[in-house]
Amino acid sequence: MKKMGNKGFALVETLIVATFVMGILTLIFTNYLPMMGKYEKRERYDDIDSVYNTYLIKNMLEYSSNDKLSLSDSDLYIGINCNIYNNTDYLDYCQNLFSSTGVYSIILTHYNIKSLKNNMPSDINDSLKDYILSLANYNTNQSNPQNYKYRIIVQYKHVVNSENTADDALEDNDHVYFSYSTIGVSLWRR
């Protein structure tokens, strides 16, 4: 003799399991997407190439430092470009370094960036603002064993040509992205 009363139980059991699986998948999905967004954003912060290039810029600035790189206590930051050099050798080296590494902008600020973060200037672009806000507030006593007085924050522009052309002009199908890095500097006078 067959029992016909179990058909309803199997349907209810299937609905409960399907609802449970959908709830778990929704929970995983809602937590996974923000995490991936943060990861994609962070992979452009302080990557190996950017840190190395920033170190080269730091060495250039420390070796050839001049009076145009002075920052008063009331200044939040100054922008740095190759026009700070009067010597043509330094100027050529700076221009070659900037173009070969893809420097988009450099700012010189105090080592402790808390005041910069609290009073973010409007002339800094949004992606650089996001990077600065993600940085820790460096304390000049504890996290600064070299007693750096200043910090440079560098934004690099990368262009990926989808057609592998050597043109400097941007094409419609080129992909542009930015990477960022920071390092402490000592600007001494000779």
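Quick caveat, the model's predicted, so the values are computed rather than measured. (Residues numbered from 1 in each chain as written. Predicted model: local features only at pLDDT ≥ 70, side-chain atom pairs only at ≥ 80, totals over all residues. Heavy atoms only, no water.)

*Asks:* I tried to follow the packing of aromatic side chains on my own but got confused; where do I start?
*Replies:* Between two aromatic rings, the relevant description is the distance of the centres plus the angle of the planes. Inspection of every chain in the model, using the stated rule, returns six aromatic pairs. Between the aromatic rings of Tyr45 and Tyr131, the centroid separation amounts to 4.9 Å while the plane-to-plane angle is 70 degrees, which identifies the pairing as edge-to-face. Here Tyr45 is found in the loop between α1 (7–42) and α2 (48–63), whereas its partner Tyr131 is found in helix α5 (residues 126–134), with 86 residues between them in sequence. Judged by centre distance (5.3 Å) and plane angle (15 degrees), the ring pair of Tyr131 and Tyr180 falls under stacked. Taken together, the residues span a long stretch of sequence, with Tyr131 in helix α5 and Tyr180 in strand β4 (residues 175–185) at a distance of 49 residues. Among the aromatic side chains, those forming a connected cluster through ring pairs are Tyr45, Tyr131 and Tyr180. Here the guanidinium or amino end of Arg151 rests over the ring plane of Tyr111, the centre of that ring lying 4.3 Å away. (Phe/Tyr/Trp six-rings, centres within 6.5 Å; stacked < 30°, edge-to-face > 60°. Helix = DSSP H or I, 4+ residues; strand = E, 2+ residues; numbered from the N terminus. Lys NZ or Arg CZ within 6 Å of the ring centre and 35° of its normal.)

*Asks:* For this particular structure, what's the right way to read the side chain of Ser181?
*Replies:* With respect to the helices and strands, Ser181 occurs in strand β4. For Ser181, the side chain forms a polar contact with the side chain of Asp46, separated by 3.5 Å. If we ignore the near neighbours within four places in the chain, the residues touching Ser181 are Asp46, Ser50, Val51, Thr54, Tyr131, Ile152, Ile153, Val154 and Tyr156. (Polar contact = N/O pair within 3.5 Å; in protein donor to acceptor, adjacent residues only side chain to side chain. Contact = heavy atoms within 4.5 Å.)

*Asks:* Even after reading the chapter, I still don't get the nonpolar core, so can you show me in this structure?
*Replies:* As a rule of thumb, nonpolar side chains are buried together in soluble globular proteins. Within the largest apolar cluster, 23 residues are counted, with the highest numbers of intra-cluster contacts made by Ile57, Leu61, Phe98 and Ile152. Residue assignment for this core shows that the elements contributing at least two residues are α2, α3 (88–101), β2 (103–110), β3 (150–160) and β4. Here this core takes four residues from β3, the largest share from any one element. Excluding residues within four positions of it along the chain, Ile152 makes contact with Thr54, Ile57, Lys58, Leu61, Ile80, Ile106, Ile107, Leu108, Ser181, Thr182, Ile183 and Val185. (Core = buried A, V, L, I, M, F, W, Y, C linked by side-chain atoms within 4.5 Å. Buried < 20%, exposed > 50% of the residue type's maximum accessible area, 1.4 Å probe, protein only.)

*Asks:* Could you clarify how one ought to interpret a nonpolar patch on the surface in this entry?
*Replies:* Taken together, Val17, Phe20, Val21, Met22, Ile24, Leu25, Ile28, Phe29, Tyr32, Leu33 and Met35 make up a surface patch of nonpolar side chains, about 1,100 Å² in accessible area. Within the fold, Ile28 resides in helix α1. (Patch = residues over 30% accessible without salt bridge, like charges linked within 9 Å, V, L, I, M, F, W, Y side chains within 5 Å. Areas by Shrake-Rupley, 256 points an atom, 1.4 Å probe, with all protein chains shown as cover. Salt bridge = Lys/Arg side-chain N within 4 Å of Asp/Glu carboxyl O.)

*Asks:* Got a minute to help me understand the packing of α2 against α3 in this structure?
*Replies:* When two helices pack together, their arrangement is given by the angle between the helix axes and the distance between those axes. At their nearest, the axes of α2 and α3 sit 11 Å apart, and the two run at 165 degrees to each other. Taken as axis vectors, α2 and α3 run roughly antiparallel relative to one another. Where α2 crosses over α3, the two elements pack in a sense that is left-handed. Along its contact with α2, which presents Asn53, Leu56, Ile57, Met60 and Tyr63, the element α3 presents Tyr90, Tyr93, Cys94, Leu97, Phe98 and Thr101. (Axes fitted to C-alpha atoms, helices over the stretch in contact; angles between N-to-C directions. Parallel < 35°, antiparallel > 145°, perpendicular 65-115°, else oblique. Left-handed = near helix turned anticlockwise from the far one by under 90°.)

*Asks:* Looking at this structure, how should I read the environment of Leu108?
*Replies:* By the element assignment, Leu108 lies in strand β2. The class for Leu108 is buried, based on a relative accessible area of 1%. Separated by 29 residues in sequence, Leu108 and Gly79 have C-alpha atoms that sit 6.3 Å apart. Ignoring anything within four residues of it in the chain, the contact list for Leu108 reads Leu69, Leu71, Leu76, Tyr77, Ile78, Ile80, Tyr150, Arg151, Ile152, Val185 and Leu187.

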